[in-house]
Amino acid sequence: MRITVTVDGTSYTDDVEPRTLLVHYLRERLGKVGTVVGCDTSNCGACTVHLDGHSVKSCSVLAVQADGSEVTTIEGLARDGQLHPVQQAFHDNHALQCGFCTPGMIMQSIDLLADNPDPDEHAVREGLEGNLCRCTGYQNIVKAVRDAAHHMRPGAGPEAERVAGADTGSRTASSVGGGGE
Amino acid sequence: MIPAPFDYVAPSTVDDAVRALADAGEDAKVLAGGQSLLPVLRVRLAAPTKIIDLGKIAELRGVREEGDHLVIGSMTTHYDVQRDSLIAEHAALLARATDTVADPQVRHRGTFGGSIAHADPAGDLLAPALALDCEMVIQGMDGRRTVAAADFFEDFFTTSLAPDEILVEVRVPKHTGWPAHYEKFNRVAQAWSMVAVAATVRTDGDTIAEARVALTNMSAVPVRARGVEEALVGQPATAEAIRAAAEHAAEGTNPTVDANADVEYRQHLARVLTGRAISAAMAG
Amino acid sequence: MTATIEPEVGKGRLRKEDERLITGRTRWTDNLTLPGLVHLAVLRSTVAHAKIVSIDTSAAKEMPGVLAVYTGDDLDPEGKIGMPCAWPVTPDMKSPRRPVLAQGTVNFAGEGVAVVVARSAGEAQDALAEIDVEYEDLPVVLGLENALAEGAPLVHEELGTNRNALWVFDSGEAGSGGNVEQAISDAEVVVKRRFRQQRLVPAFMEPRACMVDPTAAQLTMWSATQIPHILKTMSALTLGLPEHKVRVIAPDVGGGFGGKIAVLPEEIMCLLVAQKLGKPVKWTESRSETMVAAHHGRDQIQDLTIAANRDGTVTGLKVELLADMGAYLGLVGPGVPILGAFMFNAIYKIPAYHFACTNVFTNTTLTDAYRGAGRPEATFAIERMMDELAAELGMDPMELREKNWIKHEEFPYTTVSTLTYDSGNYEAATQKAMELFGYEALRQEQRERRERNDPVQLGIGISTFTEMCGLAPSRVLGSLDYGAGGWEHAAIRMLPTGKVEVITGASAHGQGHETAWSQIVADQLGVPFEDVEVLHGDTQSSHKGLDTYGSRSLAVGGIAVVKAAEKVIDKARKVAAHMMECSEDDLEFSGGKFTVKGTDRSTGIGDIALAVFAAHDLPEGVEPTLDSEAVYDPENFSFPHGTHLCATEVDTETGRVRIRSYVCVDDVGKVVNPIIVEGQMHGGLAQGIAQALYEEAVYDESGTLTSGTFADYLLPSAADLPSFTTDRTETPSTTNPLGVKGVGEAGTIASTPAVVNAVVDAVRHFGVNDIEMPLSPMRVWQAIRTGEKAAGGPGAEAGGGLGSIDAAHGGAQ
Ligand SMILES: Cc1cc2nc3c(=O)[nH]c(=O)nc-3n(C[C@H](O)[C@H](O)[C@H](O)COP(=O)(O)OP(=O)(O)OC[C@H]3O[C@@H](n4cnc5c(N)ncnc54)[C@H](O)[C@@H]3O)c2cc1C
Ligand code: FES
Ligand code: FES
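Residues numbered from 1 in each chain as written. Chains lettered and ligands numbered in written order. Predicted model: local features only at pLDDT ≥ 70, side-chain atom pairs only at ≥ 80, totals over all residues. Heavy atoms only, no water.

- Per an unreviewed UniProt entry, chain C goes by the name Carbon monoxide dehydrogenase and belongs to Prauserella flavalba.
- The annotation that UniProt attaches to chain C under Cofactor (unreviewed entry) is "Mo-molybdopterin cytosine dinucleotide". (UniProt positions renumbered as here; feature names shortened; annotations may be inferred.)

- Looking at an unreviewed UniProt entry, one finds chain A named Carbon monoxide dehydrogenase and attributed to Prauserella flavalba.
- One UniProt comment on chain A, placed under Pathway (unreviewed entry), says "Alkaloid degradation; nicotine degradation."

1. Comments concerning the site of ligand 1
Consideration 1: Near ligand 1 lie 35 residues; those nearest to it are B:Val30, B:Gly34, B:Leu37, B:Thr111 and B:Asp124.
Consideration 2: The environment of ligand 1 is shared, with nearby residues belonging to chains A, B and C.
Consideration 3: Here B:Gly34 contributes a backbone N or O atom positioned 2.7 Å from an oxygen atom of ligand 1.
Consideration 4: In the model, an oxygen atom of ligand 1 is placed 3.4 Å from a nitrogen or oxygen of the B:Ser115 main chain.
Consideration 5: In the complex, the protein chains occlude 98% of the 960 Å² of accessible area that ligand 1 would expose alone.
Consideration 6: Breaking the shell around ligand 1 down by element, the ones donating at least two residues are β2 (28-31), α7 (112-118) and β10 (166-173) of chain B.
Consideration 7: If you tally residues by element for the shell around ligand 1, the top one is α7(B), at four residues.
Consideration 8: Considering only residue class, the shell around ligand 1 consists of 15 nonpolar, 16 polar and four charged. (Near = heavy atom within 4 Å. Polar contact = N/O pair within 3.5 Å; in protein donor to acceptor, adjacent residues only side chain to side chain. Areas by Shrake-Rupley, 256 points an atom, 1.4 Å probe, with all protein chains shown as cover. Helix = DSSP H or I, 4+ residues; strand = E, 2+ residues; numbered from the N terminus. Nonpolar A, V, L, I, M, F, W, Y, C, P; charged D, E, K, R; others polar.)

2. Side note on the pattern of salt bridges
Residue and element names in this part refer to chain C.
Consideration 1: For the structure shown, the criterion picks out 79 salt bridges over all chains.
Consideration 2: One salt bridge connects Arg384 with Glu388, and the closest N-O pair in it is separated by 3.1 Å. Of the two residues, Arg384 and Glu388 are both situated in helix α12 (residues 375-393); the distance of four residues between them amounts to about one turn of the helix. By the burial criterion, Arg384 is buried, and Glu388 matches it.
Consideration 3: One salt-bridge network, in which partners are shared between bridges, spans Glu445, Arg449, Arg452, Asp454, Glu649, Arg658 and Arg660. (Salt bridge = Lys/Arg side-chain N within 4 Å of Asp/Glu carboxyl O. Buried < 20%, exposed > 50% of the residue type's maximum accessible area, 1.4 Å probe, protein only.)

3. A short note on the sheet that holds strand β11 (residues 246-249) of chain C
Residues and elements named next belong to chain C.
Consideration 1: Across the sheet, seven strands lie side by side as β3-β5-β1-β12-β9-β10-β11; this open sheet has mixed pairing. Edge positions in the sheet fall to β3 (66-71) and β11, since each of these pairs with one other strand and no more. In this sheet, neighbouring strand axes are inclined to one another by 20° on average, regardless of whether the strands run parallel or antiparallel.
Consideration 2: Bridge count for strand β9 (residues 209-213) against strand β10 (residues 219-223) is four bridges, and the pairing is antiparallel. Bridge pairing links Val212 to Met221 in β10.
Consideration 3: Sheet strands in contact with helix α4 (residues 121-128) are β1 (38-44), β3 and β5 (112-118), and its direction is about 25° off that of β1.
Consideration 4: Helix α8 (residues 228-239) contacts β10 and β11 of the sheet and is inclined by roughly 150° relative to β11. (Pairing = 2+ DSSP bridges. Axes fitted to C-alpha atoms, helices over the stretch in contact; angles between N-to-C directions. Contact = heavy atoms within 4.5 Å.)

4. Section: the pairing of β1(C)
Residues and elements named next belong to chain C.
Consideration 1: Within β1, seven of the seven residues are buried, which leaves the element mostly enclosed by the surrounding structure.
Consideration 2: Here β1 shows no split at all, with Val38, Leu40, Val42 and Arg44 on one side and His39, Ala41 and Leu43 on the other all buried.
Consideration 3: Note: β1 against strand β12 (residues 281-284), three bridges, orientation parallel. When the sheet's bridge partners are listed, His39 is paired in β12 with Lys282.
Consideration 4: In the sheet, β1 pairs with β5 via six bridges, with the strands oriented antiparallel.

5. Here's the deal with the interface of chain B and chain A
Consideration 1: Listed per partner, the contact involves 36 residues of chain B and 42 residues of chain A.
Consideration 2: Summed over both partners, the interface of chain B with chain A comes to about 3,200 Å²; 53% of that surface belongs to carbon and sulfur atoms.
Consideration 3: Counting the surface chain B buries against chain A, the share from its top three residues, B:Arg42, B:Gln105 and B:Arg109, is 24%.
Consideration 4: The interface formed by chain B and chain A contains three salt bridges.
Consideration 5: Summed over the shared surface of chain B and chain A, the result is 11 residue pairs in polar contact (both at pLDDT 80 or more).
Consideration 6: Mapped by element, the contributors of at least two residues to the side of chain B that touches chain A are α2 (37-42), α3 (78-83) and α6 (104-109) of chain B.
Consideration 7: No other element matches the six residues that α6(B) contributes to the side of chain B that touches chain A. (Buried area = accessible area lost by both parts, 1.4 Å probe.)

6. A look at the interface of chain A and chain C
Consideration 1: Counting residues at the interface gives 41 residues for chain A, matched by 50 residues for chain C.
Consideration 2: A combined buried area of about 3,900 Å² lies between chain A and chain C, and 56% of that area is made up of carbon and sulfur atoms.
Consideration 3: Between C:Asp126 and A:Arg19 there is a salt bridge, and its shortest N-O distance comes to 2.6 Å.
Consideration 4: Taken together, the links from chain A to chain C amount to 25 residue pairs in polar contact (both at pLDDT 80 or more).
Consideration 5: Among the secondary structure elements, those contributing two or more residues to the side of chain A that touches chain C are α2 (85-92), α3 (102-115), α4 (121-127) and α5 (139-152) of chain A.
Consideration 6: If one sorts the elements of the side of chain A that touches chain C by residue count, α2(A) sits on top with four residues.
Consideration 7: In terms of residue class, the side of chain A that touches chain C is built from 17 nonpolar, 14 polar and 10 charged.

Put into structure tokens, the structure is as follows:
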């Protein structure tokens, strides 16, 4: 089947087998190996990307379902060589060790901040319940997300606002669900 | 792992979807949000030869009002159900239960209708649908029919949907302003319910006027806790009355046994959680 | 020793390795590809014990994209290849051959039976379904006591027993203490308990993967392994390959926790198949495969008897273990429980000690190292016993511990199990922890909740632990019959521009070696942190090493780096003296500069590096290089310790446990990077808590792992864990020049008993004195109700998640 998907700002048209999972399409066809696979039951969240502005587990979406959609991966976050505030906060707060869960954690954190720009600790923990990390015990991840929230708040600084604005701007609930309208 | 090969179609109307399903025969499967189906395909516990994706059918998505009912399109995502203002006003129980489903990523994709059609006994939306006396609107080659929730769920993962039928929408009688609570008990946040209780009540002054209570994962299908409801109605809204009523929660249940819980423990949990669900609902 | 103005060591440097990890520019093994790469998929046994009657691969070979299908007999016709076990714990240890793919019989569900090679991973998987294996069932051996029962069926018929080995230590015989039986019969108080260490899955997040290129000059293997160096040597030995023709690379590795200390049949398979086909091959496992095929951890039954006087003085400790090896021996599997032998006496002065461990075969996935390996089991058991003894004596559990622990002025202290603890201060760590925790206030609240019969009861759990890490002095390993030494290697290359390359044999997979080693070298050589690059994980550049496990990297590998740096300075000193025309004795080195004492004449290490590179004018007999290497063999283990305090709330109506607060004060000696240390603590705590409350690998009676996915093997998420309060005291190790101790396993070792003690403490007044791990709500509820230990679940079917995946129905309709 022929699909056209915009990934990290670039439009790709490819023939794919219907059974191809979005994550495998990203990794194997597009070389977007920043997004990883940690399980086969949709539990770990390592494969989290944004599909039309909402976080999804890319192992639980078929590539054909993403036809006509826009996908953002961990590789599409940094702009003009500048890290997204959530990426920066993960570094600043030592929120990663082996880093395998990190792409998914960062993508989900951005999503959660789009829904709740100033989450308390509980809200951050709940918002990350679909992402497993075996290294960090989560404490520094929670800290990083709250730190990022602080930096992304309107008025927190021109760069942060620009990036944050770009993300929240694309948030329209109606664009999610069946995948690609 | 990746799924075994299959053919894929994404029709844009329900009629086309039903026709595609009928044409494909036995080995076809409907794909909604895919959050239950795709993991099953990945670990190759199922290998349908044809997938009919409902994702492009606009008419299946969204919530609308029809007189004293809400109509929820089967493809409305959990995320949208959680945030829908009509549901918040007229069927808060569904929103509260949906809050507890899975995790944010799964809620972005997973659908209301998919959960109902999947009929996992641990699924969190079955008991609320039963408690609210929802009706399932089903379409097949012979047209549409409507099945009450009480008749819809037949067994583990089994509903009255025929293989060539699609769940189109769910009609929810309005329970305007009824406070509601869904009390879920699981071992880790992301896990399915070991036991859960859906409760919503209408009070008249200090008296409980009506109550709707149903249980998740206490039998192969969701169970309406009639004994609890009857014990509540007409009672003052006190802790003692709730406690006494909750004692009826496990009546008629037939839960499974797994490493997390045996029958006795599940039935005990049903009683405890029922009390908590009703209290929390009334606390607003 | 040198000192810069502001030392790097001790600074909370942010990590160098983060940049690629937060932007997705990582080199996980599965990310790599090569021209003409083909893919392997392994068919795994679905039964736990059976004769293989026949394997028909003909249909699979006809599948699209399939290049070849091999069975064990195809890969190893003579049946000669056996996966290595490097730790024969006793001379008469039984060691069955573990083939690359099952030959003749399968001995656990998950064992490889055949391998498909295809052009894509999907085609390889498709073909698996076409392989027809006929099994003839054999009786399945499950459970330690069943396996040892008279007349029990055997896992390996040819061994004549399921007993793998019996390893004994007795302080009376060793002369390090008294006779335990005597101590027990003389004791005023004797407490006996049986604990079960449930089976765990290491659950590193990156599934294992391996790629082999047979077309390179050296046969090159990339693997998601913790042990590239050991893997290289072991691959050569296992297959009879010339070692110098093998290169192993561990690229970015996504966690290990002991689970990637292994030589995998799949790695050997990749080597064999790649050579057969002359093509590069790759194998990447799915998580479902990891769960059944990667080694598990723990799985012991522990019988303890503690003897004491009424005043609380412990007089003896007897430990009898049964340890489940699974169906075969892993690389270090049989030694794992033995590592615990030295730690049951923990921080206490115990005059008589006996330890006996029986290793047992069952038809299950093999067990091997998992974070802490042997020490968590020991710490759990002794810390639980101290609480039980305190309850028996009616003493405060902390007071009992204090009465028995080694006082800070008594170090160095030689224990009843013959280790010499170099340093420690249990009083200081405990005092700090008690303050942070608010011990007295919580005890008060506990009393109040009990009095008012609150449905939510509060419990306080203590774990005052130490552990032995920094594996290991080679002579000690030798005395334990381990197959290798415990040294580590480092090399430093001084580049002409003054930049520095550091090579380490410790292969990191999340620990942050690149950052910490840079800090150490920056101080040692007086160069900027940024000017140091750390190379590791490729046997071509890092040619020598013993890799990363047992909290050894810093305490052994880090010291090797220091030693190598000292040699660089020694070499540079000669050149500096020559350049500045003075005697070497007149030079002092500080902040990267050699200064002639009492003058302002100096020359920097970078200038010297350039001069040496040019080599135009070097002193007589001096080689034109500053590059140096060192191999450091520690003289002793390091002994981090700490006091962990946990308060849990137990909902007595449902049995649910909530951690209300967790405070730990750890002493890991001198700290190179406090941020990294704290991160290690957090992660360790999470794993230890998860053992206490959530995780368990469960087999049903047919030997099928029912907790075989992340949907039913319960890993805690952020929403399931509390925030921890972590702090430190600093008592330097006296056996290494940095004064450091290991930190990688401390949190895991200490936290499990703290949590279980807290829960038991919360419900002890219901007559409960133990609850089996994991402390599931049902077990806690049953314990409260019956006042008895609630062990085991009612059914072996895993609950939850993929209960939702129904094989028969495959979903709705
Ligand atoms: C990690 C994880 C955790 C989860 N936890 C929970 C939880 O706690 N509680 C809970 O309730 N759910 C949970 N779920 C399931 C989730 O809610 C799913 O979204 C839901 O069960 C199925 O919805 P879906 O839209 O994804 O359906 P799909 O996966 O697309 O379909 C499921 C089944 O229903 C059939 N089907 C779907 N739609 C229709 C239709 N309109 N007509 C006819 N047949 C149809 C499909 O053919 C398929 O057999 C979890 C899922 C995951 C991955
Ligand atoms: S890979 Fe684990 S959720 Fe997608
Ligand atoms: S950092 Fe290793 S899994 Fe999260």
